[in-house]
Amino acid sequence: MAAVKLDAVTAAAVEQAHAAAVEEAGDFGVGDHLGVVAEGDRVVTHLFDCPHPGYRGWHWAVTLVRASRAKTPTVNEVVLLPGTDALRAPAWVPWADRVEPGDLAPGMLMPTSADDPRLDPGYTGGDEDDDTAVAVRAVVHELGLGRSRVLSDYGRQVAAERWYDGEGGPDTAEARQAPAPCTTCGYLVRLRGSLGALFGVCANGYASSDGRVVAVDHGCGAHSDVVADVSDAYLPDPVWDSVTIDQTLFD
């Protein structure tokens, strides 16, 4: 395919193209002329820099067209286009996929979808008000089952993976330097259910993990088996023996 020949008349109409860009740009402004591109027979596009700070790397493209045997071109279109290093907004990500741990602030609500795979239907004991139903609900709540939805096997699995790979897991600098694992620490309070086989909650107020879930093979320097090495200290004779004096003065 033969290359398109640059039309000399439309290529020379820089001022006409600039005026069209200024009219379209408004407060965005029009910067330096960046060049001209041949689009077709007697069709060229003039490029102008966009100086707006919010559109770094963008440029104005003004396309001029000249009819056959016409002496002056006309403006076909004016558009703002991004360049190769243009500052662009990131790709759209749905809100549900953008939320990360720690994003939920006080007063915010995060709805849970009805088909969340992390949850399974629970057992509340029914809605009847007779004596039998009331007694059943009391037992249900006592056993911790009185919830409309409970954690599913998948929910336990993803939670365990997240906790084990996090700061409470075994692969941290603190855990690697610990004198012993949490499984032998007296401050570890085991979780109930299947998660208790791998995790517990630290109850040592001096530990960095106090009040947080930790793996049983996590560890820290505040392990309960770490005790102070107390040795007998030498105490010199007192400068003034007030005890003996008090005993002899008042006998």
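Residues numbered from 1 in each chain as written. Predicted model: local features only at pLDDT ≥ 70, side-chain atom pairs only at ≥ 80, totals over all residues. Heavy atoms only, no water.

### Overview of empty space enclosed by the protein
- For the structure shown, the criterion picks out 1 cavity of 30 Å³ or more.
- Of the volumes computed, that of the largest cavity is approximately 100 Å³.
- Considering the residues around the largest cavity, the lining is formed by 15 residues, among which Cys182, Cys185, Cys202, Gly219 and Cys220 are closest to the centre.
- Residue composition of the lining of the largest cavity, grouped by class: 10 nonpolar, 5 polar and no charged. (1 Å grid on protein atoms, 1.4 Å probe; cavity = no way out; pocket = protein on both sides within 12 Å on 5 of 7 lines; lining within 4 Å. Points joined across faces, edges and corners; volume = space filled by probe spheres on them. Nonpolar A, V, L, I, M, F, W, Y, C, P; charged D, E, K, R; others polar.)

### Describing the pattern of salt bridges
- In total, this model carries 4 salt bridges according to the counting rule given.
- Arg156 serves as the salt-bridge partner of Asp153, at 2.3 Å between the closest nitrogen and oxygen. Residue Asp153 and its partner Arg156 are both found in helix α5 (residues 153–165); the two are separated by 3 residues, about one turn of the helix.
- Arg176 serves as the salt-bridge partner of Asp171, at 2.7 Å between the closest nitrogen and oxygen. Per residue, the accessibility class of Asp171 equals that of Arg176, and both read exposed. (Salt bridge = Lys/Arg side-chain N within 4 Å of Asp/Glu carboxyl O. Helix = DSSP H or I, 4+ residues; strand = E, 2+ residues; numbered from the N terminus. Buried < 20%, exposed > 50% of the residue type's maximum accessible area, 1.4 Å probe, protein only.)

### Quick word on the sheet that holds strand β1 (residues 33–40)
- With respect to topology, 4 strands assemble into an open sheet ordered β1-β2-β3-β4, the strand pairing being antiparallel. A strand with exactly one partner marks an edge of an open sheet, and here the two such strands are β1 and β4 (74–82). With strand direction ignored, the average angle separating the axes of adjacent strands in the sheet is 20°.
- One ladder, built from 6 bridges, connects β1 with strand β2 (residues 43–49); its direction is antiparallel. Residue pairing for β2: His33 is matched across the bridge by Phe48. (Pairing = 2+ DSSP bridges. Axes fitted to C-alpha atoms, helices over the stretch in contact; angles between N-to-C directions.)

### Considerations on the sheet that holds strand β8 (residues 199–202)
- Pairing is antiparallel across the open sheet formed by 3 strands, whose spatial order is β7-β8-β9. Bordering the open sheet on either side are β7 (188–190) and β9 (213–215), each of which pairs with just one other strand. Going from strand to strand, the sheet's axes swing by 45° on average, the running direction of each strand aside.
- Note: β8 against β9, 3 bridges, orientation antiparallel. Looking across to β9, one finds that Phe199 is bridged to Ala215.

### Let's talk about the packing of aromatic side chains
- Applying the stated rule across the entire model yields 4 aromatic pairs.
- Between Tyr55 and Trp58, the ring centres sit 5.2 Å apart and the planes meet at 85°, which makes this aromatic pair edge-to-face.
- The class for Tyr55 is partly exposed, based on a relative accessible area of 28%.
- By relative accessible area, Trp58 is classed as buried at 17%.
- Aromatic side chains Tyr164 and Phe199 sit 6.5 Å apart centroid to centroid with 80° between the ring planes, which places their arrangement in the edge-to-face category. (Phe/Tyr/Trp six-rings, centres within 6.5 Å; stacked < 30°, edge-to-face > 60°.)

### Regarding helix α2 (residues 14–25)
- With 12 residues, α2 extends 16 Å from end C-alpha to end C-alpha; this agrees with the ideal 16 Å at 1.5 Å per step.
- Within α2 the residues assigned to the buried category are Ala17, Ala20, Ala21 and Ala25. In a view along the axis of α2, the buried residues occupy a sector of 130°, so they form one face of it. Of the exposed residues in α2, those oriented more than 90 degrees away from the buried face are Glu15 and Glu23. (Expected span 1.5 Å × (residues − 1). Arc of directions from axis to C-beta.)

### Some details on the nonpolar core
- Ranked by internal contacts, the top residues of the largest apolar core, which has 15 residues, are Ala21, Val30, Phe48, Trp60, Val62 and Leu64.
- Secondary structure elements with two or more residues in this core: α2, β2 and β3 (58–65).
- Among all residues touching Ala21, those that are not within four sequence positions of it are Val30, Phe48, Trp60, Val62 and Val78. (Core = buried A, V, L, I, M, F, W, Y, C linked by side-chain atoms within 4.5 Å. Contact = heavy atoms within 4.5 Å.)

### Overview of the layout of surface pockets
- Volume-wise, the largest pocket comes out at about 450 Å³.
- For the largest pocket, the lining is made up of 21 residues, of which Val99, Met110, Asp116, Arg118 and Arg162 are closest to its centre.
- Taken together, the elements giving at least two residues each to the lining of the largest pocket come down to α3 (95–98) and α5.
- No other element matches α5, which puts 5 residues into the lining of the largest pocket.
- Taken together, the residues of the lining of the largest pocket sort by class into 11 nonpolar, 4 polar and 6 charged.

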